[in-house]
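Each chain is listed here by its residues.
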Amino acid sequence: MILGIDASNIRDGGGVTHLCELLKAAEPEQHGFEQVHVWASQRTLKQLPQHPWLHKIHEPLLDLALPYRLYWQRTKLPRLAKQAGCNVLFLPGSGSGHGFRPYVTMSQNLLPFEPKERERYGISLTRLRLITLSFSQSRAFRLADGLILLTQYARKTVMARIQDYHGKWIAIPHGINPQFYRASKAQYALSVSSPARTLQILYVSIINVYKHQWYVAEAVAKLRNQGFSVTLELVGPAYKPALRRLNATLSKVDPNGDFIHYRGSIAYADLPPIYHQSDIFVFASSCENMPIILLEAMAAGLPIACARRGPMPEILGDAGVYFDPENSEQIADALRLLLNDPELRARCAEKAFAKAQAYSWERCAHQTFDFLRQVAQGHDDS
């Protein structure tokens, strides 16, 4: 069999990470696929691994803006997939086969499916785009022969929107890059801490309206005012309106940048040491499909304070302390609980590290290619 992958909408961030790691770990021959054809932009193709069975196909239109990519998907993709002899088409960036059958699509973004989260963008082009995506993705998912979801929470959220779906579906979580793994370090009582050994709190994520970094900053400022020797490191790119709100908060709670530092976007390969040098991780997102950043912090053996929203409790379980991400008092309480109890920190870190072992790209690749085989063979038998 031959597998086709439409990566026209895979351009950066978690989508590229997923596709790269999936193809690195894949053994398609074990599932009956002799060849895998990937159509993508030049930038995306350069990041993919080399395999004898992998055919990386550059389409110039995919280097251009969204309208050109949509035109290519509708008018060229079905013909190219048929010419390549594909038995099934996989769209990891969501979308539909535009007449090609069978196709398997994938949900990686829950923002289009959570109206309350979309409302955070106010009257904006971003909110309009998310509303449009909610309709287009719902239709693509409903018509798909196979649908891959990342968590049980995502399954409930998406299926509530496409109630009449009759195709195959499966929940397959992402894996974790082995570079993030590090067994939890020894935890010490806060009395040992001093200005010479300040505890570093880390939050890695895009600065965005549903990530609530400003509430985390307020919480850390409260802890500083109560005498806790802590700092906050914020890492990630930024959505400009959210960055303005964060900067406004920082100008109030830490105008001189004494204990809160925004480091901007950092290359994925450079992230593991940042996790490893930190003492506590905080994750205050209110909308996630598969919180890969949370998994990375778990693998890094960090005690975690986490938002009690979305799939986070499903992933972290009893290996962390929880809070309302829109309440700085609750965030401060959760962090204070960890700061005051080294045994709790150690217990949470050890449990989180143990839970992280279940998430591997080898497992993800095996389950994904097996599901693609099932859909391809099911279509042939029908």
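Refer to the structure presented above.
First, a word on what this report is: a plain description of the structure on this page. (Residues numbered from 1 in each chain as written. Predicted model: local features only at pLDDT ≥ 70, side-chain atom pairs only at ≥ 80, totals over all residues. Heavy atoms only, no water.)

Structural notes on the overall build of the chain
So, step 1. Within the chain one finds 15 helices and 13 strands.
So, step 2. By the compact-globule yardstick of 21 Å for 382 residues, the chain fits well, its C-alpha radius of gyration being 22 Å.
So, step 3. Principal-axis analysis of the C-alpha atoms places the extent of the chain at approximately 70 × 45 × 35 Å.
So, step 4. For the chain, with 382 residues in total, the buried portion stands at 54%.
So, step 5. Looking at the chain alone, contacts between residues at least 24 apart form 69% of all its contacts between residues at least 6 apart.
So, step 6. Within the structure as shown, the chain displays about 16,200 Å² of accessible surface, and the carbon and sulfur contribution to it stands at 51%.
So, step 7. Separation of charge centres in the chain, based on 42 positive and 34 negative side chains, amounts to 5 Å. (Helix = DSSP H or I, 4+ residues; strand = E, 2+ residues; numbered from the N terminus. Rg over C-alpha atoms; globule rule 2.2 N^0.38 Å. Buried < 20%, exposed > 50% of the residue type's maximum accessible area, 1.4 Å probe, protein only. Contact = heavy atoms within 4.5 Å. Areas by Shrake-Rupley, 256 points an atom, 1.4 Å probe, with all protein chains shown as cover. Lys, Arg positive; Asp, Glu negative; His and termini not counted. Charge placed at Lys NZ, Arg CZ, Asp CG, Glu CD.)

A word on the sheet that holds strand 5 (residues 103–106)
Remark on secondary structure: sheet strands pair via backbone hydrogen bonds, oriented parallel or antiparallel.
So, step 1. One open sheet accounts for 7 strands, arranged 3-2-1-4-5-6-7; its pairing is parallel. One side of each edge strand has no neighbouring strand; the edge strands of this open sheet are strand 3 (54–58) and strand 7 (168–171). Ignoring strand direction, the axes of neighbouring strands in this sheet form an average angle of 20 degrees.
So, step 2. Two elements, strand 6 (residues 146–149) and strand 7, share 4 bridges in a ladder whose sense is parallel. Paired with Ile-148 across the strands is Ile-170, a residue of strand 7.
So, step 3. This element, helix 7 (residues 152–161), spans strand 6 and strand 7 of the sheet and lies at about 130 degrees to strand 6. (Pairing = 2+ DSSP bridges. Axes fitted to C-alpha atoms, helices over the stretch in contact; angles between N-to-C directions.)

Regarding the sheet that holds strand 13 (residues 321–323)
So, step 1. Spatially, 6 strands are ordered 10-9-8-11-12-13 in an open sheet, and the strand pairing comes out parallel. Looking at which strands have only one partner, the edges of the open sheet turn out to be strand 10 (260–262) and strand 13. Taken over all neighbouring pairs, the strand axes of this sheet differ in orientation by 20 degrees on average, direction set aside.
So, step 2. Here strand 11 (residues 280–283) runs beside strand 12 (residues 304–307); their pairing, made up of 3 bridges, is parallel. In the sheet register, Val-282 faces strand 12, and the bridge partner there is Ala-305.

A word on empty space enclosed by the protein
So, step 1. Tallying each qualifying case throughout the model produces 1 cavity of 30 Å³ or more.
So, step 2. Approximately 30 Å³ is the volume attributed to the largest cavity.
So, step 3. Around the largest cavity, the lining residues are His-18, Phe-90, Met-106, Ile-148, Leu-150, Ile-172, Cys-364 and Thr-368.
So, step 4. Across the lining of the largest cavity, the residue classes break down as 6 nonpolar, 2 polar and no charged. (1 Å grid on protein atoms, 1.4 Å probe; cavity = no way out; pocket = protein on both sides within 12 Å on 5 of 7 lines; lining within 4 Å. Points joined across faces, edges and corners; volume = space filled by probe spheres on them. Nonpolar A, V, L, I, M, F, W, Y, C, P; charged D, E, K, R; others polar.)

What to know about the pairing of strand 11
So, step 1. Alternating residues of strand 11 divide into Ile-280 and Val-282 and Phe-281 and Phe-283, and every residue in both groups is buried.
So, step 2. One crossover worth recording links strand 11 to the parallel strand 12 by way of helix 11 (residues 292–299), and it is right-handed. (Right-handed = clockwise from strand over helix to strand, strands pointing away.)

A look at the nonpolar core
So, step 1. Grouped together as the largest cluster of nonpolar side chains are 131 residues, with contacts concentrated most on Val-38, Leu-232, Tyr-275 and Phe-281.
So, step 2. Once residues within four sequence positions are removed from consideration, Leu-232 is found in contact with Ile-201, Tyr-203, Val-216, Ala-217, Val-220, Phe-259, Ile-260, His-261 and Val-282. (Core = buried A, V, L, I, M, F, W, Y, C linked by side-chain atoms within 4.5 Å.)

Notes on a negative patch on the surface
So, step 1. A cluster of acidic residues, Glu-27, Glu-29, Glu-34 and Glu-362, forms a negative patch on the protein surface.
So, step 2. Within the fold, Glu-34 resides in the loop between helix 1 (13–25) and strand 2 (35–40). (Patch = residues over 30% accessible without salt bridge, like charges linked within 9 Å, V, L, I, M, F, W, Y side chains within 5 Å. Salt bridge = Lys/Arg side-chain N within 4 Å of Asp/Glu carboxyl O.)

As for the pairing of strand 6
So, step 1. Neither face of strand 6 is exposed, since Gly-146 and Ile-148 on one face and Leu-147 and Leu-149 on the opposite face are all buried.
So, step 2. Note that the unit made of strand 6, helix 7 and strand 7 has a crossover that is right-handed.

A short note on helix 7
So, step 1. Turning to helix 7, its buried residues number three or more, namely Ala-154, Thr-157, Val-158 and Met-159.
So, step 2. Where helix 7 is buried, its residues meet helix 6 (125–143), strand 6 and strand 7.

Brief notes about the side chain of Thr-151
So, step 1. As for its position among the elements, Thr-151 is in the loop between strand 6 and helix 7.
So, step 2. In terms of polar contacts, Thr-151 uses its side chain to reach the backbone carbonyl oxygen of Asn-289, at 3.1 Å.
So, step 3. Among all residues touching Thr-151, those that are not within four sequence positions of it are Ala-171, Asn-289, Met-290, Pro-311, Glu-314 and Ile-315. (Polar contact = N/O pair within 3.5 Å; in protein donor to acceptor, adjacent residues only side chain to side chain.)

Considering unusual backbone geometry
So, step 1. The omega angle of the peptide bond from Arg-101 to Pro-102 is -5 degrees, so this bond is cis rather than trans.
So, step 2. Tracing the backbone through its elements, the reader meets Pro-102 in the loop between strand 4 (88–91) and strand 5.
So, step 3. Although it is not a glycine, His-212 adopts a positive phi angle of roughly 60 degrees.
So, step 4. A relative accessible area of 1% places His-212 in the buried class.

Remarks on the pattern of salt bridges
So, step 1. Using the criterion set out here, one finds 11 salt bridges in the structure.
So, step 2. The partner of Glu-117 in a salt bridge is Arg-120, and the shortest N-O contact between them spans 2.8 Å.
So, step 3. On the basis of relative accessible area, Glu-117 is assigned to the buried category, the value being 6%.
So, step 4. Overall, the relative accessible area of 26% leaves Arg-120 in the partly exposed class.
So, step 5. The residue Arg-309 makes a salt bridge to Glu-326 at a minimum N-O spacing of 3.1 Å. Taken together, the positions of Arg-309 in the loop between strand 12 and helix 12 (312–316) and Glu-326 in the loop between strand 13 and helix 13 (328–340) put the pair 17 residues apart, joining distant regions of the chain.
So, step 6. Several salt bridges converge on common partners, so that one network encompasses Glu-117, Arg-120, Arg-309, Asp-324 and Glu-326.

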